[in-house]
Every structure is written in C-alpha cells, then in structure tokens.
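One-letter residues, chain by chain:
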Amino acid sequence: QVQLVESGGGLVQAGGSLRLSCAASGRTFSNYAMGWFRQAPGKERQFVAAITSSGVMTYYSDSVKGRFTISRDNAKNTMYLQMNSLKSEDTAVYYCAARAGWGPSLSYSYTYTYWGQGTQVTVSS
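Residues numbered from 1 in each chain as written. Predicted model: local features only at pLDDT ≥ 70, side-chain atom pairs only at ≥ 80, totals over all residues. Heavy atoms only, no water.

A. Just the overall build of the protein chain, in detail. From N to C terminus, the protein chain includes 0 helices and 11 strands. Its C-alpha atoms give the protein chain a radius of gyration of 13 Å, within 12% of the compact-globule value 14 Å for 125 residues. C-alpha atoms of the protein chain, sized along the principal axes, occupy 40 × 25 × 25 Å. Expressed as a percentage of the 125 residues in the protein chain, the buried residues total 42%. Taking all contacts inside the protein chain whose residues are at least 6 apart in sequence as the whole, residues at least 24 apart take part in 58%. (Helix = DSSP H or I, 4+ residues; strand = E, 2+ residues; numbered from the N terminus. Rg over C-alpha atoms; globule rule 2.2 N^0.38 Å. Buried < 20%, exposed > 50% of the residue type's maximum accessible area, 1.4 Å probe, protein only. Contact = heavy atoms within 4.5 Å.)

B. Layout of the sheet that holds strand E7 (residues 68-73). The strand order E1-E3-E8-E7 describes an open sheet built from 4 strands, whose pairing is antiparallel. The sheet terminates laterally at strand E1 (2-7) and E7, the two strands that pair on one side only. Between one strand axis and the next, the sheet turns by 15° as a mean value, whatever way the strands run. (Pairing = 2+ DSSP bridges. Axes fitted to C-alpha atoms, helices over the stretch in contact; angles between N-to-C directions.)

Note that all results are geometric; they support no functional claim without further evidence.
Structure representation (structure tokens):
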C-alpha cells in the first residue's frame, strides 16, 4: 500500500502561481512512477503530468505544457506540481497518483493504483 496526501491548493488570481505537494508513505516511494490528474465539476478526470520513479523523465498534457512543472524528491517521499500562469480553466480538484512502472497509457487514470484525496485549486479571472 502507498498512502498519498496532497496539499498546497487554494484560491489564486489568473496569472498567478501555486505549488502542489504530494506526500507519500507506505511502500518505497522511489519504486513508483507518479502522476497528477485533475477533475472539474461535471467533467471527467483529466491527466495533467507524470514523472518516472527516478524523476529523469516527465510527460505533460498539451493544456499545461510550458506552464506546469512536475518534480519529485525521493529523499523526502514527495512529489510536486509547480503551476504558473494559471488560468480559470485550471480550476479543479487535483489528485496525485502512483503506478508501478513507466510506459504507455500514462494519461489513463485506470493505470494508476494508488490515489490521494485531492486538493482544490480555484483560479479567479
């Protein structure tokens, strides 16, 4: 089992920045590829970004590429999502998730085994 807890959400004006954190406990954090997803009211859960277990490789959705940066610190069992130039359409509950390996289907939520409870991000225009 891996337990994941997100933090860092809040209310920010359009154009502003936020940094989300995902703290992991349980099994060895460095064994898992990690991802961020988000879900707006009435919409399906959407892939945001993913990172390999070592942190060497990253992958982003087109909607956040160039604005968001995913990173991790395996010594601290924590993953981050730095969000810059925020837009109103970024408003959603953000979830972190863990999966056993890298490879295809990174953007599909069903490929992730463990999930956090989510943190709300609201961007006012």
